[in-house]
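What follows is the residue order along each chain.
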Amino acid sequence: MNMTAYTPLARNSDPITSHAAADQSQAMRHAHHTAILGALRTGAMGKDDIAHFTALTGVQIARRLPELQKLGLVRPTGRTVRSDTGRHEREWEAV
């Protein structure tokens, strides 16, 4: 995965503690991306199914899918699937 495509999480003018937090967040984001891609490589699925497969929360996945899409690693299939609550959600696939 191309780490240079990530948006910086701390400005040059931010204190050292902000840079440390950004570095930790970057590592966590990378781990989330890896887990989500691993799930989607087994087949297309919605956010809730990805959550069950990875043990990540739906919020974590919802934030990461657009990042992965921007990186060209995932895309919506154009279909919907039922969420855990019975609502429709987009189905995603690895590219």
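**Q** Can you explain the overall build of the protein chain? Please cite residues and give values.
**A** From N to C terminus, the protein chain includes three helices and three strands. Walking the protein chain from its N terminus toward its C terminus, one meets helices and strands in the order α-β-α-α-β-β. Every one of the 95 residues in the protein chain was classed for burial, and the buried ones make up 31%. Partitioning the intrachain contacts of the protein chain with sequence separation of at least 6 by distance along the chain shows that 44% fall at a separation of at least 24.

**Q** Explain the pairing of strand E2 (residues 74-82) to me, and be specific about the residues and the numbers.
**A** Across six bridges, the pairing between E2 and strand E3 (residues 88-94) is antiparallel. By the bridge assignment for E3, Val-74 is matched with Ala-94. What sits between the antiparallel neighbours E2 and E3 is a turn of five residues, in which Gly-86 has the positive phi angle 90°.

**Q** Provide a residue-level description of helix H3 (residues 58-70), including the pertinent values.
**A** Look at H3: 19 Å from first C-alpha to last across 13 residues, which is about the 18 Å you get at 1.5 Å a residue. Inspection of H3 places Ile-61, Arg-64, Leu-65 and Leu-68 among the buried residues, and these make up the whole buried set. In the segment just after H3, Gly-72 is the residue with positive phi, at about 80°.

**Q** Give me the pattern of salt bridges: which residues, what numbers.
**A** Per the counting criterion, the structure on display carries six salt bridges. For Arg-29, the salt bridge goes to Glu-67, with nearest N and O atoms at 3.5 Å. With Arg-29 in helix H1 (residues 16-40) and Glu-67 in helix H3, the pair connects residues that are 38 residues apart, well separated along the chain. Lys-47 is the partner of Glu-89 in a salt bridge, and the nearest nitrogen-oxygen pair spans 3.9 Å. One end of the pair, Glu-89, is in strand E3; the other, Lys-47, is in helix H2 (residues 47-54), with 42 residues separating them in the sequence. Owing to a relative accessible area of 24%, Lys-47 belongs among the partly exposed residues under this scheme.

**Q** Could you give an account of the packing of H2 against H3, with specific residues and numbers?
**A** Viewed as axis vectors pointing N to C, H2 and H3 meet at an angle of 115°, and their least axial separation amounts to 9 Å. Here H2 lies roughly perpendicular to H3, going by the angle between them. Like other packed secondary-structure pairs, H2 and H3 cross with a definite hand, here right-handed. Between H2, through Lys-47, Ile-50, Ala-51 and Thr-54, and H3, the contact on the second element is made entirely by Gly-58, Ile-61, Ala-62 and Leu-65.

**Q** So what about the nonpolar core? Which residues, and what values?
**A** The biggest cluster of nonpolar side chains holds 13 residues, and the ones touching the most others in it are Ile-36, Leu-40, Ile-50, Ile-61, Leu-65 and Val-74. Those elements that place two or more of their residues in this core are H1, H2 and H3. Tallying contributions element by element places H1 first for this core, with four residues. When residues no more than four places from it in sequence are discounted, the contact partners of Leu-65 are Ile-36, Leu-40, Ile-50, Val-74 and Trp-92.

About the criteria used
Residues numbered from 1 in each chain as written. Predicted model: local features only at pLDDT ≥ 70, side-chain atom pairs only at ≥ 80, totals over all residues. Heavy atoms only, no water. Helix = DSSP H or I, 4+ residues; strand = E, 2+ residues; numbered from the N terminus. Buried < 20%, exposed > 50% of the residue type's maximum accessible area, 1.4 Å probe, protein only. Contact = heavy atoms within 4.5 Å. Pairing = 2+ DSSP bridges. Expected span 1.5 Å × (residues − 1). Salt bridge = Lys/Arg side-chain N within 4 Å of Asp/Glu carboxyl O. Axes fitted to C-alpha atoms, helices over the stretch in contact; angles between N-to-C directions. Parallel < 35°, antiparallel > 145°, perpendicular 65-115°, else oblique. Left-handed = near helix turned anticlockwise from the far one by under 90°. Core = buried A, V, L, I, M, F, W, Y, C linked by side-chain atoms within 4.5 Å.

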